[in-house]
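Given next are the chains, with one letter for each unit.
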Amino acid sequence: MRAVDGVDLDIRRGEVFCLVGESGCGKTSTGKAILKLVEATDGDILLEMPEGEARAYEDVRQRPDDPEARKTLDGLRRKYSVTWKESLPWTVEQALKSAGAFLAAVFLAIVAPSLLLAAVVEPFGDPWSTIGLCVSIGLILGLIGSLPPTRLSRRTRVILTLLALGSIIVAPISALSLHRALVGDVSRFDVGAALATPWTQELAAMLVGFAFGAIAAGGSSSLLLDWRSRSEGMAGIHMRSIRRRLQLIFQDPYESLNPKQSVYEIVSEPLAVNRISTNPGETSALVREALTDVGLRPPEEFLFRFPHELSGGQRQRVSIAAALVLQPDFIVADEPVSMLDVSIRTEILQLMTDLREKRGLTYLFITHDLSLAWILADRIAVMYLGKIVEEGTAEQVISHPKHPYTQALISVVPSPDPRHLAKRTILKGERPDAVNIPNGCRFHPRCPLAFEKCGWSAAEIAEELTALWAGGLLPGFAGIQPLDPATVSLGMAPGTSPGTAAATLRRVVSENRSSRLALKGIADVRETAGAVHVTLHESSEPPLIEIGPGNTVACHLVTPQTMAAEPVTA
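Residues numbered from 1 in each chain as written. Predicted model: local features only at pLDDT ≥ 70, side-chain atom pairs only at ≥ 80, totals over all residues. Heavy atoms only, no water.

Undergrad: Even after reading the chapter, I still don't get the nonpolar core, so can you show me in this structure?
TA: Generally speaking, soluble globular proteins have nonpolar side chains that are buried together. Judged by nonpolar contacts, the single largest core of 85 residues is most densely connected at Ile380, Leu465, Val488 and Leu505. Counting residues in hydrophobic clusters, the runner-up holds 18 residues, among them Ile45, Val82, Leu246 and Leu364. (Core = buried A, V, L, I, M, F, W, Y, C linked by side-chain atoms within 4.5 Å. Buried < 20%, exposed > 50% of the residue type's maximum accessible area, 1.4 Å probe, protein only.)

This is the structure in structure tokens:
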């Protein structure tokens, strides 16, 4: 199940982008995914991407099988995507180069310290020389193994740490052999004598050396790889570094505020969590400034109140202050006025508008109220069952809606003029469950304009035919059931001619197509031995196509301007 699937939108700096739809369509999930409060299973959230590189990103995304395109895409995602994770497969050349670099690092890490130690002191002569040997191995291996041509990878530091542990086991034996060769001692190693001597001190030194050697390898590798990532522009975006710039205003101020915390504690908590301010005086000044900006004046009167001592509008202002105290650039406002009285809504909306002008904020405003979207939004996206079905400017979407779902939503918006009698479109049934998404167009079971191509299933056709049979309009049939996703079988009662039954079915379908839209999905009626088979039209999910500058719609009823048929004149 995918609560949100294939959502593709861009929000420009300083604008109010409204996401509109019924409850349960995926609006809040989209907002939380943008802020990474829930993890998206796939896709990208791109931050501050220039227009030219955004076009390049869209271009290379269309060529997933091209190795160069994949490499370019990974570079763009690493630079601008907050969801980037390394996904490019290793090539044979990269694997060989990295393996060669690792082997060279292991050789140098074992030989160089061992030779130096053997030339200066006798190995295992004292614990400090043993620990120094182990740390030297870790440092050399971590530094040399992290240099080019080693590929930047999260696994590199782990590999080098494991290689350091193996090298530390081999290096003391190598150092002892080199020392004896240098001093001319060719005597054999006496195992019995070695076991008879006190070895506790040397064992402790080796264990300490193991630990410090592994730490040296992993630490030096991490530092060098991080430096390489930054210098080569391959570090990616860490969410913690931008968390303060992306904030959320919750829908319900009665649930989102901790009843055990005062207003000061609620508003100052983001400063402490993000380590913005540790000075009490500075924290207090920032909290007062945020409360003043949201209209809680003088702030001293509200600092030590608790949520139950505030009105609904004051609680929502505290929620907005908690988001503003970090000086964010982008705010997801999740239906911030839906829980408030109408008299308070205007104040909160005016406040958000004023803050946008004062602080240059960008809003993703989530709502189910199209009248609010008309007032606030620069652009609007209409969402249904996890997908965007229409997007455009407020004028395009509200004044000239193209998708039947958008038209239905607009038709039920109350009009303040009692003389204005609008024709309301009441959608039948409930929104389908996201566990069982309809075929083709997701909206077709409720669409008043659905037709052949929209995606009727055999189960839907069988249900309509069963209703006609129960009403006595299909005599001579017995048993209606889907055979496969594209075929419905109608069994015949004894004594019924297949030709007569098929003709009756064709006539009834033709007469009821306007009132029972599912019957439009029938492409053909065929007679077989003892049954009549109904085959369905082929269907597909409508893509989101551009019908005008910045105006996109996902509906089979809409034809893009470039594909529209030329007028024919007699």
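Undergrad: Looking at this structure, I do not really get the packing of aromatic side chains. What am I missing?
TA: Given two aromatic rings, one states the distance between the centres and the angle between the planes to describe the pair. Across all of its chains, the model carries four aromatic pairs by this definition. Ring-pair connections join several aromatic residues into one group, and the members of that group are Tyr384, Tyr405 and Phe443. (Phe/Tyr/Trp six-rings, centres within 6.5 Å; stacked < 30°, edge-to-face > 60°.)

Undergrad: Please explain the environment of Leu286 as it appears in this structure.
TA: Mapping Leu286 onto the fold places it in helix α12 (residues 280-293). The sequence separation of Leu286 and Leu271 amounts to 15 residues, and the corresponding C-alpha distance is 8.9 Å. Non-local contacts of Leu286, meaning those with residues more than four positions away in its chain, are made with Leu271, Ser277 and Val325. (Helix = DSSP H or I, 4+ residues; strand = E, 2+ residues; numbered from the N terminus. Contact = heavy atoms within 4.5 Å.)

Undergrad: Can you walk me through the state of the cysteines in this structure?
TA: Linking two cysteines covalently via their sulfur atoms produces the bond known as a disulfide. Applying the stated rule across the entire model yields zero disulfides. Free of any disulfide, Cys447 has its nearest cysteine sulfur in Cys454, 6.1 Å distant. The structure places no disulfide on Cys454, whose sulfur is separated from the nearest cysteine sulfur, that of Cys441, by 5.8 Å. (Disulfide = S-S within 2.5 Å.)

Undergrad: Explain the sheet that holds strand β10 (residues 531-536) here, please?
TA: Strand pairing in a sheet relies on backbone hydrogen bonds, with the paired strands running either antiparallel or parallel. Sheet architecture is open: four strands sit in the order β7-β8-β10-β9, paired in antiparallel fashion. The sheet terminates laterally at β7 (477-484) and β9 (522-528), the two strands that pair on one side only. Taking each pair of neighbouring strands and ignoring which way they run, the sheet shows an average axis angle of 20°. Relative to β10, strand β8 (residues 487-492) is paired through five bridges, and the arrangement is antiparallel. (Pairing = 2+ DSSP bridges. Axes fitted to C-alpha atoms, helices over the stretch in contact; angles between N-to-C directions.)

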